[in-house]
Amino acid sequence: MEFVQKFITTFQFIVEGLWVTIGVTVVALAVGFVLGILAGVARVYGNKFLAGIGTTYSVVVRAVPVIVIIFILFFVISSLVDLTAFWAGSLALGFASGAYQTEIFRGALRSVSGGQMTAASAIGMSRWQAIRHIILPQALRLALPAWGNEATLVLKDSTLVFAVGVPEVLRRAEYVKARTFDPFFAYSVALLLYLALTLVTTQVLRQAENRYRLRL
Amino acid sequence: MNDFLMFLQDVIPSLLKGTVITLEIAGVSLLLGVVVGLPVGLGRVYGPTWLKRVLGIYTTFFQGTPLLIQLFFVYYGLPAAGITFDRFTAAFLTLGLNSGAYQAEYLRGALQSVSEGQMTAARAIGMSKWQAIRAIILPQALRLVLPAWSNEAISMLKYTAVVYLIAVPDLMGQAKILSSKYFAPIQIYLIVAVFYLVLVGITYFVLRAVEKRAGIPGLTYSPEHGGA
Amino acid sequence: MTNSEAAKTQPIVRLEDIYKAFGVTEVLKGVSLSLMPQEVVVLVGPSGTGKSTLLRCVNLLSRPDKGRIWLEELEITAPGVNEDKVRQRVGMVFQEFNLFTHLTALENVMIGMTKVLKMDKRAAHAKALEELERVGLANRADHYPAQLSGGQKQRVAIARALGMDPHVMLFDEPTSALDPELTGEVLAVMQKLAFEGMTMMVVSHEMGFAREVADRVVFMEGGYIVEAGPPEQMFDHPQVDRTRVSQ
């Protein structure tokens, strides 16, 4: 009975961090999505200059550990603007994710057949119109499986913002550990919470994939 | 400029020491990952149902939770249950088991992508199931898995950075010490980023060369000519 | 009767009342057939009538649900028979070639000798070259399967089977996956084998080959053997209407 009681209190305390974890993940994915689309389009359809920027961003950021990116940006952002740890950490994680998403969208954009652009031009669309209305809608759907994979990776990487003091699941588990002196219990609960979260996310993403799969 | 060079001169020796530790942890963990991932991947494809299920739980668990929490669980959590590791062992063990789960899944995919006819033909010349797996299926699967494995190696090299959180003095651990010593976190972490960039770059090109050498026409790339 | 005469009259393969079903689909419904030494039997008939399944029973790639099979003096359907040992004595050639993708032509022929027969590498190398020579591909020894044409792949597959010194060769539609212009080279190799005295069981739609090379043509339909006999009788004076139609 004591065990159950302990489990419930620990769980209730750590689960608060779950909302922070989800918040960090959603913000980071959204930021990464915007950066990824921009850099992806720049790499595939941009001029030399834009493509160069997109390539440098994606290659350099992907060669550096996410936690190092988080530290650098966290300190840069904090020295420029007054943001909470949550926002600074999420933006930094988003910047890192953007580099990975760049590759995902680049691959998807390239796999849309060349005939689509030709056909769009033939009905009088400009290059950018064609990208926006014809190419991107197809590429986004093609990108969905890889993007879903990236989403679960970001979900797991969101725990790295622990290092800059964001009160997500792991940070909450640390609090429990400090109070109860039972690290085994605290981390077990954190692991189980995460496992549940990733399994649910994977299921949701799988359903989204089935729903939006492009039938070519 | 001169100041910056002096600064570099001060920090680089510690960072190099950290680099050695980073490489050591990545190397040992990857190796442990191979040792675990190979039998687990084989078991996931060719084992009896109960084994497949047990191994599936292992891979789901390690792939479904963050490496950092796994690390904390092993280093800080397990001692409460009477199991204690020093920081290096905890790092090797956690990263190795984590990598093993990913490597097993990559290998599983590769094994399953070898066509059924290969097994049938091997059995038809009198090979036992395990002989066929060893001589025919595995050599093909290992070549097919190489690109995914390269990604895993690079990914592991980067993920070693979390071990500084259990006070292992790796590249990131040294950076942490230096940044509080010099009050210059941004500069220090930028230099560290360059270190990782170089490490990852070298690893990438070495692995690409290995992939090229191990390649076989028709298996890992399409042949240049389709026969006479 | 002398010993050698006795050996002559003992069938290489004897199938007795073979039944086989996949789920609810009965594929073989009591098939009996014997192959004498040096005999070439060609199984013909519409697709999906159990010819390939019957062939695969001979080397136990498929296990009959009922019925018994002898390979020379050994009843291979008896419990406890080592199926790997059985397969060493039975060569098989597949419709899809199934060459080992990661091995060169030579290595494809060698691997059974070294791994299964435990021959030493050098002897296996020499013998493998001989087998490739036999199918006219010694000059392609170092090519990977992907670098060979379909006909060449199938000839390497025949060499691979021959390398094991089989007592009987099974051919499962060996030319069906080939472009028409490539079937000739494979059929020529098979004809040469037959001429050399190899015992062969062939599933094929090549009626020309059946007429020229077969000692006996077996017509199967619906899981039964409908008619069997020498090619002249089968093609020129069929007892069953279907046999004529299929020509």
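Model, not experiment: these values are computed from the prediction.

Moving on, we come to the interface of chain C and chain B. In this assembly, 30 residues from chain C lie in contact with 27 residues from chain B. Between chain C and chain B, the buried area comes to about 2,300 Å², and carbon and sulfur atoms account for 63% of it. The three residues of chain C that bury the most area against chain B are F100, H102 and Q147 of chain C, which together make up 27% of that side's buried surface. For the pair chain C and chain B, the number of links is two salt bridges. As a salt-bridge pair, R123 of chain B and E83 of chain C come within 3.3 Å of each other at their nearest N and O atoms.

Attention shifts here to unusual backbone geometry. All names here are of chain C. Positive phi values are uncommon outside glycine, yet D165 reaches one of about 50 degrees. Checked against the element boundaries, D165 lands in the loop between α6 (150–162) and β7 (168–172). Taking the relative accessible area as the measure of exposure, D165 reaches 47% and is therefore partly exposed. Of note in the backbone geometry, E173 takes a positive phi value of approximately 45 degrees without being a glycine. Positionally, E173 belongs in the loop between β7 and α7 (180–196).

Residue and element names in this part refer to chain A. Along the polypeptide, F74 turns up in helix α3 (residues 66–80). Among the residues examined, F74 registers a relative accessible area of 15% and is labelled buried. Residues F74 and Y100, spaced 26 residues apart in sequence, show a C-alpha to C-alpha distance of 19 Å. In this view, F74 contacts A85, A88, G89, A92 and V164; residues no more than four positions away in its chain are not counted.

The geometry of an aromatic ring pair is captured by two quantities: the separation of the ring centres and the angle between the planes. Per the counting criterion, the structure on display carries 22 aromatic pairs over all chains. Pairing F33 of chain A with F105 of chain A gives two aromatic rings, centres 5.5 Å apart and planes at 85 degrees, and the pair type is edge-to-face. Taken together, the residues span a long stretch of sequence, with F33 of chain A in helix α1 (residues 2–45) and F105 of chain A in helix α4 (residues 85–111) at a distance of 72 residues. Residue classification places F105 of chain A among the buried positions, given a relative accessible area of 4%. With 5.6 Å between their ring centres and 80 degrees between their planes, F162 of chain A and F72 of chain B make a pair best called edge-to-face.

For the rest of this paragraph, the subject is the sheet that holds strand β1 (residues 13–22) of chain C. All names here are of chain C. What the four strands build is an open sheet, ordered β2-β1-β4-β5; its pairing is antiparallel. Bordering the open sheet on either side are β2 (25–35) and β5 (74–75), each of which pairs with just one other strand. Sheet topology places β1 next to strand β4 (residues 66–71); five bridges connect them, and they run antiparallel. Its bridge partner being in β4, R14 is matched across the sheet by W70.

This part is about the side chain of T114 of chain C. Note that T114 of chain C resides in helix α4 (residues 105–116). Beyond its immediate sequence surroundings of up to four residues, T114 of chain C is in contact with M119, K121 and A124 of chain C.

Counting residues in each nonpolar core, the largest one holds 112 residues, and the members touching the most others are I67 and V68 of chain A together with M172 of chain B. Beyond its immediate stretch of four places on either side in the chain, M172 of chain B contacts I67, V68 and F71 of chain A together with A161, Y164, Y189 and Y196 of chain B. Grouped together as the second largest cluster of nonpolar side chains are 56 residues, A110 and L111 of chain B together with V81 and I111 of chain C included.

Turning our eyes to something else, we now look at the pairing of strand β8 (residues 200–203) of chain C. Residue and element names in this part refer to chain C. Here β8 shows no split at all, with M200 and V202 on one side and M201 and V203 on the other all buried. Of the strand pairs in this sheet, strand β3 (residues 40–44) and β8 are connected by four bridges, and their pairing is parallel. For V40, the partnering residue across the bridge sits in β8 and is M200. Judged from the four bridges that link them, β7 and β8 form a sheet pairing that is parallel. Within β8, the position partnered with M169 by the bridge is M200. In terms of handedness, the path from β7 via α7 over to β8 forms a crossover that is right-handed.

The next point concerns the packing of helix α6 (residues 129–159) of chain B against helix α8 (residues 185–214) of chain B. When two helices pack together, their arrangement is captured by the angle between the axes and the distance separating the axes. All names here are of chain B. Running from amino to carboxyl end, α6 crosses α8 at an angle of 170 degrees, the nearest separation of the two axes being 10 Å. The angle between the axes of α6 and α8 places the two elements in the roughly antiparallel class. Residue-level inspection shows R143, L146, P147, W149, S150, A153, I154, L157 and K158 of α6 in contact with α8, the latter providing Y196, L199, V200, T203, Y204, L207, V210, E211 and A214. When grouped by side-chain class, the residues that make up the contact of α6 with α8 number 13 nonpolar, two polar and three charged.

Taken over all residues, the pLDDT of chain C has a mean of 91, while the share at 70 or more is 94%. Both scores are available for the predicted complex, with the pTM at 0.89 and the ipTM at 0.91.

Once that is clear, we can look at the sheet that holds β3 of chain C. Residue and element names in this part refer to chain C. Reading across the sheet, the six strands line up as β6-β7-β8-β3-β9-β10 and stay open at both edges, with mixed pairing between neighbours. What marks the edges here is a single partner per strand, and that holds for β6 (90–93) and β10 (224–229). Taken over all neighbouring pairs, the strand axes of this sheet differ in orientation by 20 degrees on average, direction set aside. As paired strands, β3 and strand β9 (residues 216–221) are joined by four bridges and run parallel to one another. In the sheet register, V44 faces β9, and the bridge partner there is F219. Packed onto the sheet, α6 meets β6 and β7 and runs at close to 170 degrees relative to β6. Of the strands in this sheet, β3, β7 and β8 touch α7, which is tilted by about 150 degrees from β8.

Attention shifts here to a nonpolar patch on the surface. A cluster of nonpolar residues, F3, V4, F7, I8 and F11 of chain A, forms a patch on the protein surface that exposes about 430 Å² of accessible area. Here F3 of chain A is to be found in helix α1.

Together, R134 of chain B together with K115, K118 and K121 of chain C line one region of the surface with positive charge. Relative to the elements of secondary structure, R134 of chain B occurs in helix α6.

Among two pairs of chains with at least one contact, chains A and B form the most extensive contact set. Taking C-alpha atoms as the reference, chain A and chain C come no closer than 26 Å and do not contact one another.

Moving on, we get to the interface of chain B and chain A. Contacts between the two partners involve 34 residues from chain B and, on the opposite side, 33 residues from chain A. Here chain B meets chain A over a buried area of about 2,900 Å², counting both sides, of which 82% is carbon and sulfur. Ranking the residues of chain B by area buried against chain A places I69, F73 and K158 of chain B at the top, with a combined share of 20%. Seen at the junction of chain B and chain A, the total is zero salt bridges. Where chain B meets chain A, there are six residue pairs in polar contact (both at pLDDT 80 or more). Contributing elements (two or more residues each) for the side of chain B that touches chain A: α2 (49–64), α3 (67–77), α6, α7 (171–182) and α8 of chain B.

Within this structure, the stated rule accounts for 23 salt bridges over all chains. Among the salt bridges present, the one from E103 of chain A reaches R106 of chain A, with a minimum N-O distance of 3.1 Å. Here E103 of chain A and its partner R106 of chain A are both found in helix α4, three residues apart, which amounts to about one turn of the helix. Between R87 of chain C and D84 of chain C there is a salt bridge whose closest N-O contact spans 3.7 Å. One end of the pair, R87 of chain C, and the other, D84 of chain C, are both in helix α3 (residues 83–88), three residues apart, so they sit about a helical turn from each other. A relative accessible area of 3% means that R87 of chain C is categorised as buried. Here D84 of chain C falls in the buried class, since its relative accessible area comes to 14%. Linked through salt bridges whose partners overlap, the residues forming this network are R123 of chain B together with R63, E83, D84 and R87 of chain C.

Cut-offs used in this document
- Residues numbered from 1 in each chain as written.
- Chains lettered and ligands numbered in written order.
- Predicted model: local features only at pLDDT ≥ 70, side-chain atom pairs only at ≥ 80, totals over all residues.
- Heavy atoms only, no water.
- Contact = heavy atoms within 4.5 Å.
- Buried area = accessible area lost by both parts, 1.4 Å probe.
- Salt bridge = Lys/Arg side-chain N within 4 Å of Asp/Glu carboxyl O.
- Helix = DSSP H or I, 4+ residues; strand = E, 2+ residues; numbered from the N terminus.
- Buried < 20%, exposed > 50% of the residue type's maximum accessible area, 1.4 Å probe, protein only.
- Phe/Tyr/Trp six-rings, centres within 6.5 Å; stacked < 30°, edge-to-face > 60°.
- Pairing = 2+ DSSP bridges.
- Core = buried A, V, L, I, M, F, W, Y, C linked by side-chain atoms within 4.5 Å.
- Right-handed = clockwise from strand over helix to strand, strands pointing away.
- Axes fitted to C-alpha atoms, helices over the stretch in contact; angles between N-to-C directions.
- Parallel < 35°, antiparallel > 145°, perpendicular 65-115°, else oblique.
- Nonpolar A, V, L, I, M, F, W, Y, C, P; charged D, E, K, R; others polar.
- pLDDT = per-residue confidence, 0-100.
- Patch = residues over 30% accessible without salt bridge, like charges linked within 9 Å, V, L, I, M, F, W, Y side chains within 5 Å.
- Areas by Shrake-Rupley, 256 points an atom, 1.4 Å probe, with all protein chains shown as cover.
- Lys, Arg positive; Asp, Glu negative; His and termini not counted.
- Charge placed at Lys NZ, Arg CZ, Asp CG, Glu CD.
- Polar contact = N/O pair within 3.5 Å; in protein donor to acceptor, adjacent residues only side chain to side chain.

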